[in-house]
Amino acid sequence: ASLVSSSSATHHGASLCWSMSLCSSDATRRRHHRSSSVSSSSGGGRKKGRRCHHQTSFFSSSSSRQNREKKSAWCLCRVGRDAGVQKVVVQAAASKSSGTTSATTTLWGGGSSASVEDVKKCALITAIKTPYLKSGKIDLQKYDALVEQQIAGGVQGLVVGGTTGEGQLMSWDEHIMLIAHTSKIYGDDLLVVGNTGSNSTREAVHATSQGFAVGMDAALQINPYYGKTSRAGLMKHFGAVLDFGPTIVYNVPARTTQDIPSEVIFELAKHPNFAGVKECEGNERIRNYANKGVACWSGNDDEAHDAKWDAGAAGVISVTSNVSPKLMKELMLGQKPNPKLRDDLIPLMRWLFKEPNPIGVNTALTMLGCAEPVFRLPYAPYDENTRREGKKIIESIGTEHFVSGGFGPGSSSSSSSSGEKGGGVRDVNNDAFILLDEW
């Protein structure tokens, strides 16, 4: 219970108890999961999962819709203390139940035994932000509200505890708790990818085994950073974690200072649990992989449109979709390329990455009211001039296209200049930000 708000310990404690019991009960079934997870499901569906005992697929059924509505109602009850969050969850749940989101692009079958082919079908995956309470603990109310809006916006999957979600600043207890929480509540709606990689093979193995035990569908695995290793070491490291279930390898040399050679990727692709690679080294690299049958997700939002439509990428693991899932869905899941929308979004993307990620998206979600103005150091918010620049960019696109924090009566925000309904952008004073050096 110390991981979350003490004022909501009754509800969140239940999530933690569930997480712990599932770790215990499912650990003995890991061997079965290893074998079943690599099987391809017939007709585009997926194998039976631990939490879903009927044949499932990407397409809607009455039973799965009822299950989603029950979970939405339970989630609404759980986060209902905050009127703004409650409003957001109600709107998102209503959007889902009314059918305004496409079941063929948002419905995930449930359970935690996604096949590799299931993973490859997800074209829009959000690297979800982790909001914090003023104490520095994880704010599950704001997190749930943000996830609900991702689902309503048409996102197909989440990376939990990634760089954007600040997994690097979490204890492993927090990390696995958040994966468990997301899998339990949203596993029927989204592919849940747990970022369980580490520069220590021992830690990566332990975290990955726990992540699959508590219900994640796939793992995101980075190559060892700082303490870099040899090509032989890379093969051994990835080989140790691939056995647990569907895996996306993450190549981001700007952070690890070591590029994963194409030869290593091609060798890893022979493993039945290899789903593909999140590639940050540009679209020519992606084109080369795609031409040889390796699934790729662009790790660069500003290149994602061309990565899919020109280079053959499976999709994107996106930061921008945190703030505008609807527009990212239109960009990545439309029927044809949309270069105009791409160009319209480039200023927003450049603003979000003006400083190292996740500084930009943390600032943006604070301004949109989706997160408290709380930063775990070493991250610090954009300065006032940069925040004003971002506000202009968001308002020029239209706040109706962005996630909303459900501002309360005393909030200072501005509405879209077009007059359409949107959450608005808050003016957050410098002294409102809380920068924590311990939590």
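Residues numbered from 1 in each chain as written. Predicted model: local features only at pLDDT ≥ 70, side-chain atom pairs only at ≥ 80, totals over all residues. Heavy atoms only, no water.

So, the nonpolar core
- Within the largest apolar cluster, 66 residues are counted, with the highest numbers of intra-cluster contacts made by Val323, Leu345 and Leu348.
- Those elements that provide at least two residues to this core are helix 7 (140-153), strand 2 (157-160), helix 8 (172-186), helix 15 (325-333), helix 16 (339-352), helix 17 (359-367), strand 9 (374-376) and helix 18 (384-397).
- Among all residues touching leucine 345, those that are not within four sequence positions of it are Leu327, Met328, Leu331 and Ile397.
- Counting residues in each nonpolar core, the second largest holds 21 residues, with Ala114, Ile125, Val193 and Ala295 among its members. (Core = buried A, V, L, I, M, F, W, Y, C linked by side-chain atoms within 4.5 Å. Buried < 20%, exposed > 50% of the residue type's maximum accessible area, 1.4 Å probe, protein only. Helix = DSSP H or I, 4+ residues; strand = E, 2+ residues; numbered from the N terminus. Contact = heavy atoms within 4.5 Å.)

Observations regarding the pairing of strand 3 (residues 191-195)
- Burial runs high along strand 3: five of the five residues are buried.
- Pairing between strand 2 and strand 3: four bridges, direction parallel. Following the sheet pairing, leucine 158 is matched in strand 3 by valine 192.
- Both strand 3 and strand 4 (residues 218-222) contribute to a ladder of three bridges, which runs parallel. From the neighbouring strand, glycine 194 faces strand 4, where its bridge partner is alanine 219.
- Traced from strand 3 through helix 9 (residues 201-213) to strand 4, the parallel crossover comes out right-handed. (Pairing = 2+ DSSP bridges. Right-handed = clockwise from strand over helix to strand, strands pointing away.)

Overview of helix 13 (residues 283-291)
- Taken together, the buried positions of helix 13 are Asn283, Arg285, Ile286 and Tyr289. One face of helix 13 carries all of its buried residues, which in axial projection span an arc of 150°. Of the exposed residues in helix 13, those oriented more than 90 degrees away from the buried face are Glu284 and Asn291.
- Along its buried surface, helix 13 packs onto strand 5 (247-251), helix 12 (262-268), strand 6 (274-279), strand 7 (296-298) and helix 14 (301-309).
- Following helix 13 by one or two positions, glycine 293 has its phi on the positive side, about 85°. (Arc of directions from axis to C-beta.)

Concerning helix 9
- Under the 1.5 Å per step criterion, the end-to-end length of helix 9 is 18 Å for 13 residues, consistent within 8% with the ideal 18 Å.
- Count one or two residues on from helix 9 and you reach glycine 215, which has phi positive near 115°. (Expected span 1.5 Å × (residues − 1).)

Description of the packing of helix 7 against helix 8
- Packing of helix 7 against helix 8 brings their axes to within 12 Å, and their N-to-C directions diverge by 45°. As far as their axial angle goes, helix 8 and helix 7 are oblique. Read as a crossing pair, helix 7 and helix 8 show a hand that is right-handed. For the pair helix 7 and helix 8, the contacting residues are Leu140, Tyr143, Asp144, Val147, Glu148 and Ile151 in the first and Met177, Leu178, His181, Thr182 and Tyr186 in the second. (Axes fitted to C-alpha atoms, helices over the stretch in contact; angles between N-to-C directions. Parallel < 35°, antiparallel > 145°, perpendicular 65-115°, else oblique. Left-handed = near helix turned anticlockwise from the far one by under 90°.)

A closer look at the packing of aromatic side chains
- One pass over the structure, following the stated rule, counts three aromatic pairs.
- Ring geometry for phenylalanine 266 and tyrosine 289: centres 5.5 Å apart, planes at 80°, overall edge-to-face. Pair noted here: phenylalanine 266 is in helix 12 and tyrosine 289 is in helix 13, with a separation of 23 residues, a long-range link.
- Given the relative accessible area of 26%, phenylalanine 266 is considered partly exposed.
- Ring geometry for tryptophan 351 against tyrosine 382: centres 5.0 Å apart, planes inclined by 75°, an arrangement best described as edge-to-face. Taken together, the positions of tryptophan 351 in helix 16 and tyrosine 382 in the loop between strand 9 and helix 18 put the pair 31 residues apart, joining distant regions of the chain. Residue tryptophan 351 shares its accessibility class with tyrosine 382, and that shared class is buried. (Phe/Tyr/Trp six-rings, centres within 6.5 Å; stacked < 30°, edge-to-face > 60°.)

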